[in-house]
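One-letter residues, chain by chain:
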Amino acid sequence: MKIIIKILVAIFVILLCLPVVLLPLTTSVPAWTWILLAIADVMLIVTLFRITPAGRGITIGLSGVILVSILAIVASQIFAATPPIMDVNGEPLPDSIASLEKVNLNGSEQWITIRGQDVDKPILFNLGMGGPGWRWI
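Here is what the cut-offs are and how they apply
Residues numbered from 1 in each chain as written. Predicted model: local features only at pLDDT ≥ 70, side-chain atom pairs only at ≥ 80, totals over all residues. Heavy atoms only, no water. Salt bridge = Lys/Arg side-chain N within 4 Å of Asp/Glu carboxyl O. Buried < 20%, exposed > 50% of the residue type's maximum accessible area, 1.4 Å probe, protein only. Core = buried A, V, L, I, M, F, W, Y, C linked by side-chain atoms within 4.5 Å. Helix = DSSP H or I, 4+ residues; strand = E, 2+ residues; numbered from the N terminus. Contact = heavy atoms within 4.5 Å. Expected span 1.5 Å × (residues − 1).

J.: I'm lost on the pattern of salt bridges in this one. Help?
T.: Proximity of charged atoms lets side chains of opposite charge pair with each other. Summed over all chains, the structure comprises 1 salt bridge. In this structure, K102 engages E109 in a salt bridge whose closest nitrogen and oxygen atoms are separated by 3.7 Å. Assessed through its relative accessible area of 47%, K102 is described here as partly exposed. By relative accessible area, which is 55% here, E109 ends up exposed.

And the structure:
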């Protein structure tokens, strides 16, 4: 029974570590932030299996990993950005736009990304009106 609990806890911890693992791959969070969060996760995973009695180690480890995951999600929102549009030489395109802005839509704060190679071209908005299976008319 103890082995099954440890396996379930290990799977749960792996899932909880995904926000930290995805930070450098999908966000613009600075390296020092996600490195510190990754180190904290590793230390908590070690704590999870090293502290005795096991129940106390699992409680401390899981609580810490949950906290680190929440911090990773908060960091991804604080450092939210969209990279500039680059040319073939890696230089920002001169009349391009790359913007991530918070707007109020019908009383609800939403984020929109505006990206384009020419600021003089019109913007095409696609506001999803339906759920799964919704199609263009």
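J.: Where do I start with the nonpolar core in this structure?
T.: One broad trend across soluble globular proteins is that nonpolar side chains are buried collectively. Formed by 16 residues in total, the largest nonpolar core has its most connected members in V9, V13, L37, L48, L62 and V65. Of all the elements in the fold, those that place two or more residues in this core are α1 (2-26), α2 (31-50) and α3 (54-78). Apart from the residues lying within four places of it in its own chain, the contact partners of L48 are V9, V13, G57, I58, G61 and L62.

J.: Would you explain α3 in this entry?
T.: Working note: α-helix, 3.6 residues per turn, so residues spaced by three or four point in the same direction. Compared with the 36 Å implied by 1.5 Å per residue over 25 residues, the 36 Å span of α3 between its first and last C-alpha is a close match. Within α3, burial applies to G57, I58, G61, L62, G64, V65, V68, S69, A72, A75 and S76. Summarising the contacts, the buried residues of α3 are in contact with α1 and α2.

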